[in-house]
Amino acid sequence: MKNNRRGLCLFEWAMLGYALFTLLLMAVLWGQLVSPVPMLLLRAGAVAMTIGLWQLYRWKPSRLTMFLRVAGQLALLGRWYPDTFEFNRLFTNLDHVFASWEQAVFGCQPALLFPQHFTSPVLSELLSLGYVSYFPMIAAVTVYYLCRRYDRLAYCTFVILASFFLFYVIFIFLPVAGPQFYYQAVGTSQIAQGCFPALGHYFNFYQEMVPLPGAEGGLFHTLVQYAHDAGERPTAAFPSSHVGISTVLLWLAWERDRHTDRRAWGLFVPLAVLTLLMFFATFYIQAHYAIDAIAGIFAGTGMYFLFRYLNGRLETIAYRR
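What counts, and where the lines are drawn
- Residues numbered from 1 in each chain as written.
- Predicted model: local features only at pLDDT ≥ 70, side-chain atom pairs only at ≥ 80, totals over all residues.
- Heavy atoms only, no water.
- Helix = DSSP H or I, 4+ residues; strand = E, 2+ residues; numbered from the N terminus.
- Patch = residues over 30% accessible without salt bridge, like charges linked within 9 Å, V, L, I, M, F, W, Y side chains within 5 Å.
- Areas by Shrake-Rupley, 256 points an atom, 1.4 Å probe, with all protein chains shown as cover.
- Salt bridge = Lys/Arg side-chain N within 4 Å of Asp/Glu carboxyl O.
- Core = buried A, V, L, I, M, F, W, Y, C linked by side-chain atoms within 4.5 Å.
- Buried < 20%, exposed > 50% of the residue type's maximum accessible area, 1.4 Å probe, protein only.
- Contact = heavy atoms within 4.5 Å.
- Expected span 1.5 Å × (residues − 1).
- Axes fitted to C-alpha atoms, helices over the stretch in contact; angles between N-to-C directions.
- Parallel < 35°, antiparallel > 145°, perpendicular 65-115°, else oblique.
- Left-handed = near helix turned anticlockwise from the far one by under 90°.
- Polar contact = N/O pair within 3.5 Å; in protein donor to acceptor, adjacent residues only side chain to side chain.

Undergrad: I would appreciate a short explanation of unusual backbone geometry in the present structure.
TA: Trans peptide bonds make up the majority, and among non-glycine residues the majority have a negative phi. Geometrically, the link from phenylalanine 238 to proline 239 is a cis peptide bond, its omega value of -15° lying close to zero. Residue position: proline 239 is located in the loop between helix H11 (219-231) and helix H12 (241-254). Look at alanine 236: it is not a glycine, yet its phi comes out positive at around 65°. Secondary-structure assignment places alanine 236 in the loop between H11 and H12. Here glutamine 286, not a glycine, exhibits a phi torsion of approximately 65°, which is positive. Tracing the sequence through the fold places glutamine 286 in the loop between helix H13 (265-284) and helix H14 (290-320).

Below, the structure is given as structure tokens:
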């Protein structure tokens, strides 16, 4: 992290690249966007925050000010996610295609049958725990690198953020709402009979969700319900970024420490357990089709190795300069 005082980190460039890409996309689609002004303000605010935190670090370089740079970018992810819906709502919904693939692969709809046949309150709470652990897992890996592998903090953050932004690009052009919206729109009785009609632009106007499966009243079930009510959109179903980013985090935790040549087993094992719970939770709570969760594992693994490689190449180029 020797050059951070001179310029922006790669993870900040990743955000700026995504902001620029989507800004150009906004220019092309401007007449069709429903709320372009808030979208512009998001991008202006993100750029201003990035420059401000970078200048703060230049003035007072420390772990704290570097952590603020990292935390600022991670905090914005909650704003970038619903922003993808403003783009993909312009395209024809594809849930009927993915529900049909789900049926072809499994001979049924796991997201429909799983919560119907497994009603244990204990299972409900465990799976809900896995699902709500998403952002705490991101925080845990980031803080671990901050405290134990500070020289790799910028790298870790770049891999996480770049993976998120690549998922968001996919979500922009692949409008899949997921079972919680599609099942509600079609009707579970029709879904159970293997009827998967195309809905076109239905979710532009109707965004009702099926009631959240699971045992009501549990702490983690309540937290999942709160998260869904607060910010869920009919978007971002395929592939599952929850599973994908959790897979990226697992790979980051699996890396050996350069100085001790040891793996962070104390971090990796809990993450592995939570990721397993999250994998099943994604279609238990009907946020995703099962094929979304499976695809998330492969997508997350591919993104980890892609951005790990790119980070190394870009660091080499910067060092030569």
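Undergrad: What's the story with a nonpolar patch on the surface in this structure? I'm lost.
TA: A surface patch of nonpolar side chains, amounting to about 460 Å² of accessible area, comprises Leu20, Leu23, Leu24, Trp30 and Leu40. Looking at the nonpolar patch element by element, the count peaks at 3 residues for helix H1 (residues 10-29). With respect to the secondary-structure elements, leucine 24 resides in helix H1.

Undergrad: Help me understand the nonpolar core in this model?
TA: What tends to happen in soluble globular proteins is that the nonpolar side chains get buried as a cluster. The biggest cluster of nonpolar side chains holds 65 residues, and the ones touching the most others in it are Trp80, Phe165, Tyr168 and Leu252. Looking at which element gives the most residues to this core, the answer is helix H8 (residues 153-173), with 15 residues. Those residues in contact with tyrosine 168 that sit more than four places away from it in its chain are Tyr18, Leu77, Trp80, Tyr81 and Thr84.

Undergrad: Would you take a moment to explain helix H7 (residues 134-148) for this structure?
TA: Note on helix geometry: an α-helix contains 3.6 residues per turn, so any two residues three or four positions apart are oriented the same way. Between its first and last C-alpha, H7 extends 21 Å over 15 residues, near the 21 Å set by a 1.5 Å rise per residue. Among the residues making up H7, those that are buried are Tyr134, Met137, Ile138, Val141, Thr142, Tyr144, Tyr145 and Leu146. If you follow the buried residues of H7, they end up packed against helix H3 (63-88), helix H6 (121-132), H8, H12 and H13.

Undergrad: Whenever I open this one, the packing of H1 against H3 confuses me. Can you help?
TA: Here H1 crosses H3 at 25°, and the two axes come no closer than 11 Å. On the basis of their axis angle, the class for H1 and H3 is roughly parallel. As H1 runs across H3, the sense of the crossing is left-handed. Contacts between H1 and H3 involve Phe11, Glu12, Met15, Tyr18, Ala19, Thr22, Leu25, Met26 and Leu29 from the former and Met66, Arg69, Val70, Gln73, Trp80, Thr84 and Phe87 from the latter.

Undergrad: Explain the pattern of salt bridges to me, please; I cannot follow it from the model alone.
TA: Oppositely charged side chains are able to pair whenever their charged atoms sit close together. Scanning the entire structure with this criterion turns up 5 salt bridges. The salt bridge involving aspartate 83 is made with arginine 43; its shortest N-O contact spans 2.6 Å. Separated by 40 residues along the polypeptide, aspartate 83 in helix H3 and arginine 43 in helix H2 (residues 36-59) bring together distant segments of the chain. The salt bridge partner of arginine 152 is glutamate 255, with a shortest N-O separation of 3.9 Å.

Undergrad: I'm lost on H12 in this one. Help?
TA: With 14 residues, H12 extends 19 Å between its outermost C-alpha atoms, agreeing within 8% with the 20 Å of an ideal straight helix rising 1.5 Å per residue. Within H12, 12 of the 14 residues are buried, leaving the element largely enclosed by the surrounding structure. Among the residues making up H12, those that are buried are Ser241, His242, Val243, Gly244, Ile245, Ser246, Thr247, Val248, Leu249, Leu250, Leu252 and Ala253. Two or three places before histidine 242, at the opening of H12, serine 240 has a side-chain oxygen 3.4 Å from that residue's backbone nitrogen.

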